[in-house]
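Residues per chain are reported as follows:
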Amino acid sequence: MVKIGVLGLQGAVQEHVRTVEACGAKATVVKRVEQLDELDGLILPGGESTTMRRLIDKYGFFDALRRFGQSGKPIFGTCAGLILLAKELDGQPDAHLQLIDIKAARNAFGRQKESFEAEIELKGIADSFNAVFIRAPYILETGDNVDVIATYEDKIVAAQQDHYLTCAFHPELTDDYRLTQHFVHMVEDSVKKLASF
Amino acid sequence: MSKTGTNRVKRGMAEMQKGGVIMDVVNAEQAKIAEEAGAVAVMALERVPADIRAAGGVARMADPTVVEEVMNAVSIPVMAKARIGHIVEARVLESLGVDYIDESEVLTPADEVYHINKTDYTVPFVCGCRDIGEAVRRIGEGASMLRTKGEPGTGNIVEAVRHMRKVQSQIREIAGLSEDELMVYAKNTGSPYELLKEIKEEGRLPVVNFAAGGIATPADAALMMQLGADGVFVGSGIFKSDNPENFARSIVEATTHYEDYELIGKLSKGLGTAMKGQEMSTLSEADRMQDRSE
């Protein structure tokens, strides 16, 4: 059974833990850098990206998270997690972990009263998926090696580049586990691949 | 087809705030200090609760200029308070585009009997509670998030502790009730039966429950987390302390690492003076904000 961490500095942490467990993997809440060593994959949950970034810096997570990704271990960023992973952010000189080759815009769908849920298609994963968007970002541009997994009204809302997966909505808030299941498969594949080196 | 203002979207917004600190601010400058310190949201007000207490008179919704100024200053969510039962203040705040409305006993109630029917709104609401009955009545009216009432503006944690313990122990009690005991429990606590059934099945509230009303130090925040709060509201505790930046940062960290006592010790060192607190027995009945609604 693969072990997947959920960065537990702030945000919807328990929801991801429940979802990961429902997908047949072991889940653990990560509050200290040392815990990263025991993991096969990591989820950066939804929450407030400014708050998470401050705590990431404060507790020395920044370089450790980048190394985690660069070592080939999968990372899944949802909503605020997408913002943390993006290489470039619209209107902001400094992006955060810069691990996935996308340019994203924060709160791009508007404030809370514009937050919504909608049925969208996840390419190769689900024909119809109830996606919950909360003050959600979207992806403005993607690099050549990035696969677009979902769009909503022509805006890119889910993407994958190698072992990095990201979405602007909240799969952890519904009982549809297919996207998280896809991530768990990515982690299982990566464990096999990393073991064969 | 997309749908706005659904329960999932409104309650989900509060889920994203979990493990975080929501800070009261009265202007753009304070809002920036709060954001910089790691607040997950700010509550835009004209005065913090301690000053509302001191000023006396009728406390109302903040001037929309203040709310807009705060909204323009930060990228984190902005909440604002409407008076209990004041449908129009709530609609005005919704039209301004605030991310959450606090139907709050900190302001002078506009209606002594009825709360706002919050299911009518696209914007989500947070409401105060002292026990499970109050909590589920607010959820029944459409609140998407709860907070314990505590006693706002006192810098005294004792009431927040009382309310959080009460709610948590009642949740455990409900989980242990048999089906045939549930209806009488609903009657005795004035709770909607269907919601109690849901709590019994899930073993938890269907919405996020933060602590509020008297949190003044990092240790206070950590205490509330340990008692089962999903996060904390800090009202007067930050900008009434003698070093708001320090207090704000330290309370954020203590909320994240509420079981790391060594860290909380470090955070508490040389922090400066916390807001001056008030002993509950010095409050007259009329001063008790928590009793303004049920």
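Thresholds applied
Residues numbered from 1 in each chain as written. Chains lettered and ligands numbered in written order. Predicted model: local features only at pLDDT ≥ 70, side-chain atom pairs only at ≥ 80, totals over all residues. Heavy atoms only, no water. UniProt positions renumbered as here; feature names shortened; annotations may be inferred. Helix = DSSP H or I, 4+ residues; strand = E, 2+ residues; numbered from the N terminus. Buried < 20%, exposed > 50% of the residue type's maximum accessible area, 1.4 Å probe, protein only. Contact = heavy atoms within 4.5 Å. Buried area = accessible area lost by both parts, 1.4 Å probe. Salt bridge = Lys/Arg side-chain N within 4 Å of Asp/Glu carboxyl O. Polar contact = N/O pair within 3.5 Å; in protein donor to acceptor, adjacent residues only side chain to side chain. Nonpolar A, V, L, I, M, F, W, Y, C, P; charged D, E, K, R; others polar. Pairing = 2+ DSSP bridges. Core = buried A, V, L, I, M, F, W, Y, C linked by side-chain atoms within 4.5 Å.

- Chain B is annotated in an unreviewed UniProt entry as Pyridoxal 5'-phosphate synthase subunit PdxS of Salinibacillus kushneri.
- Its UniProt record gives chain B a comment under Sequence similarities (unreviewed entry), which states: "Belongs to the PdxS/SNZ family."
- Within the UniProt record for chain B, the comment given under Pathway (unreviewed entry) is "Cofactor biosynthesis; pyridoxal 5'-phosphate biosynthesis."

- As recorded in an unreviewed UniProt entry, chain A goes by the name Pyridoxal 5'-phosphate synthase subunit PdxT, listed as coming from Salinibacillus kushneri.
- Here chain A is described in UniProt, under the heading Subunit (unreviewed entry), as follows: "In the presence of PdxS, forms a dodecamer of heterodimers. Only shows activity in the heterodimer."
- Per its UniProt entry, chain A bears the Function (unreviewed entry) comment "Catalyzes the hydrolysis of glutamine to glutamate and ammonia as part of the biosynthesis of pyridoxal 5'-phosphate. The resulting ammonia molecule is channeled to the active site of PdxS."

## Digging into the UniProt feature "binding site: D-glyceraldehyde 3-phosphate" (unreviewed entry) in chain B
Link 1 in the chain: UniProt tags B:Arg165 as "binding site: D-glyceraldehyde 3-phosphate" (unreviewed entry).
Link 2 in the chain: Considering the arrangement of structural elements, one finds B:Arg165 in helix α7 (residues 158-176).

## Things to note about the environment of B:Glu68
All names here are of chain B.
Link 1 in the chain: Within the secondary structure, Glu68 sits in helix α4 (residues 64-73).
Link 2 in the chain: Accessibility expressed as a relative area gives 40% for Glu68, which makes it partly exposed.
Link 3 in the chain: As a C-alpha pair, Glu68 and Ala28 span 40 residues in sequence and 9.1 Å in three-dimensional space.

## Brief notes about helix α2 (residues 49-58) of chain A
Link 1 in the chain: When we look at burial in α2(A), the residues that qualify are A:Ser49, A:Thr51, A:Met52, A:Arg54, A:Leu55 and A:Ile56.
Link 2 in the chain: Residues of α2(A) that are buried make contact with β1 (3-7), α3 (61-70) and α4 (80-85) of chain A together with α2 (28-37) and α12 (244-256) of chain B.
Link 3 in the chain: Where α2(A) ends, the next residue or the one after it, A:Gly60, has phi of about 65°, a positive value.

## Quick look at the interface of chain B and chain A
Link 1 in the chain: With 42 residues of chain B at the interface, the matching set in chain A holds 37 residues.
Link 2 in the chain: Both faces considered, chain B and chain A share a buried interface measuring about 3,100 Å² in area, 51% of it formed by carbon and sulfur atoms.
Link 3 in the chain: By the criterion of area lost to chain A, the three top residues of chain B are B:Arg8, B:Val9 and B:Met16, representing 22% of everything that side buries.
Link 4 in the chain: Our count for the chain B to chain A interface comes out at six salt bridges.
Link 5 in the chain: Note that A:Glu15 is salt-bridged to B:Lys18, the shortest N-O span being 2.6 Å.
Link 6 in the chain: One can count 26 residue pairs in polar contact (both at pLDDT 80 or more) joining chain B with chain A.
Link 7 in the chain: At six residues, helix α1 (residues 7-15) of chain B tops the list of elements feeding residues into the side of chain B that touches chain A.
Link 8 in the chain: Residue classes in the side of chain B that touches chain A are distributed as 15 nonpolar, 15 polar and 12 charged.
Link 9 in the chain: Sheet topology places strand β7 (residues 116-122) of chain A next to strand β1 (residues 2-4) of chain B; three bridges connect them, and they run antiparallel. What sits directly across from A:Ala118, in β1(B), is B:Ser2.

## Considerations on the environment of A:Thr142
Link 1 in the chain: Assignment of secondary structure puts A:Thr142 in strand β9 (residues 138-142).
Link 2 in the chain: Aside from chain neighbours lying at most four places away, what touches A:Thr142 is A:Asp101, A:Ile102, A:Val148 and A:Ile156.

## Description of the nonpolar core
Link 1 in the chain: Residues A:Leu122, A:Phe133, A:Val157, A:Phe169 and B:Met224 are the most contacted members of the largest nonpolar core, which totals 127 residues.
Link 2 in the chain: Residues in contact with A:Phe169, not counting those within four places in the same chain, are A:Thr78, A:Cys79, A:Ile120, A:Leu122, A:Phe129, A:Ala131, A:Val132, A:Phe133, A:Val157, A:Ala158 and A:Leu179.
Link 3 in the chain: One finds B:Val9, B:Val40, B:Met43 and B:Phe210 within the second-largest nonpolar core, a separate group that totals 22 residues.

## Structural notes on the UniProt feature "active site" (unreviewed entry) in chain B
Residues and elements named next belong to chain B.
Link 1 in the chain: Within this numbering scheme, the UniProt entry marks Lys81 as carrying the feature "active site" (unreviewed entry).
Link 2 in the chain: Turning to its location among the elements, Lys81 is positioned in strand β4 (residues 78-83).
Link 3 in the chain: Contacts of Lys81, omitting those with residues within four sequence positions, involve Met43, Ala44, Leu45, Met61, Leu93, Asp102, Ser104, Val106 and Leu107.
Link 4 in the chain: A polar atom in the side chain of Lys81 sits 2.8 Å from the side chain of Asp102.

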